[in-house]
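Geometric and topological summary
Each chain, letter by letter, is given below.
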Amino acid sequence: MKLLMVIIMKIPFNKIYFTGNELKLIKEALNMESVSGDGYFTSKVSSLLEETFSIPKVLMTTSATHALDIAMMLIGLGPKDEVIMPSFTFPSTANSVMLRGAIPVFTEILPSNLNIDPDDIEKKITKNTRAIIPVHYGGVGCEMDRIINIAEKHRLYIIEDAAQGVNSKYKDRFLGAWGYLACYSFHGTKNYISGEGGALAINSKDEELIERAQIIRQKGTNRNKFLKGKVDKYSWVDIGSSYTPSDILMAVLYGQLQQMNVIKEKRRKIVSYYIENLNKHLKSGSIKGMTTLQKYQDSNHHLFYILLENEALRDKVIKRLREFGIHATTHFEPLHSSFMGQTLGYTLGDFPITERVGKSLLRLPLYTSMTIEEANYVVYRLDEILNPNYS
């Protein structure tokens, strides 16, 4: 690692990356007067995702949250139904279940990659279980082959929360292409962005399922048939809401997705630099966290985290890094220990690994345009702070 002059650099946690084509594509959308939902660029983005990830049908949505909401309607989730998911996830995962009157059932995570523990899934299955939601943390895939075996054995749906997993693979398949249904996010904090936006992946060629998803997504109407000229007017035929994103946002996203692998490679270089230059701390055990991936894991490098000894040390490191201009941060509060989780009957101590991770995890800055010089500054300051003689 190179020595640095005594300077303070400003390193944000995240920085939006533009490919350079976005304004041109927005202008095209405006010139075509394609601004509302299901326009020219929405179709282009859907097709690109379907072809690249080998998914039968992708419907663009206003967010990954809304994609999850649609998924729960599609499987007919209702009161007393249970859906298994990790406690270490974003509230949207659980909210999509509770909005249908059903019950989220939380599980423990694996310390190796912070993904759902398949062994704990089996322990939580009851006669009321309807589905499993594996959450691919940080773009690293869950053990989908094991989870599929469990789901098939108990006749359960798999709905992937691949919000962070766009363009990642587990073994021979892209994340989002494993489950019955899946969601993606294109929020401004993700690798590929539209500002706000998401997608519902349908891994089935069942035309009735696809048509119902389109109806729910279009406010419960058969507008999609109208757009295709199959009916002369559209009407209310089912439940639904307004889940279609503006075509202007999809123009932005199309520019991003055209450089999917370029963006992925830029992020890989920063993650590799972090791992290589924090190796002495990882080896000594003073920190734990992301090291090399298994050969069957192909991550999009959405984030980079380390685990410190305890919450007090984690918070101290965050404070010191920010004094040096480096905006590091925490991540999920485990859902079971949140206010809403406690209303479901969960208490502290239910998931020790999840709780330990929630208190000790620190995410280092990582963004597509990040330079090695910036990453070097982060490592240099972190190395300084972790030095036993540092006060």
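Residues numbered from 1 in each chain as written. Predicted model: local features only at pLDDT ≥ 70, side-chain atom pairs only at ≥ 80, totals over all residues. Heavy atoms only, no water.

1. Considering the pattern of salt bridges
Note the following rule: Definition used for salt bridges: Asp or Glu carboxyl oxygen within 4 Å of a side-chain nitrogen of Lys or Arg. Each helix is a run of DSSP H or I of at least 4 residues and each strand a run of E of at least 2, with the numbering of both proceeding from the N terminus. Buried, partly exposed and exposed residues are distinguished by accessible area as a fraction of the type maximum, computed with a 1.4 Å probe on protein chains only: under 20%, between the cut-offs, and over 50%, respectively.
Across all of its chains, the model carries 18 salt bridges by this definition. Ionic pairing is found between K24 and E28, a salt bridge with its closest N-O pair at 3.2 Å. In this pair, K24 and E28 both sit in helix α1 (residues 22-31), four residues apart, roughly one turn of the helix. Accessibility expressed as a relative area gives 48% for K24, which makes it partly exposed. For E28, a relative accessible area of 31% puts it in the partly exposed group.

2. Considerations on helix α3 (residues 64-74)
To keep it simple, the criterion reads: Should any heavy atoms of two residues lie within 4.5 Å, those residues are counted as being in contact.
Buried residues dominate α3, accounting for nine of its 11 residues. Taken as a whole, α3 has its buried residues at A64, A67, L68, D69, I70, A71, M72, M73 and L74. Next to the buried residues of α3 lie β1 (57-61), α4 (91-98), β5 (157-161), β8 (181-185), β9 (198-202) and α7 (207-217). Backbone geometry just after α3 places G76 at a positive phi near 70°.

3. Quick word on the environment of L68
Structurally, L68 is set in helix α3. Distance from L68 to A94, taken between C-alpha atoms, is 9.6 Å for residues 26 residues apart in sequence. Filtering out sequence-adjacent residues up to four positions away, L68 remains in contact with S92, T93, S96, I159, D161 and C183.

Read these as geometric descriptors, not functional statements.
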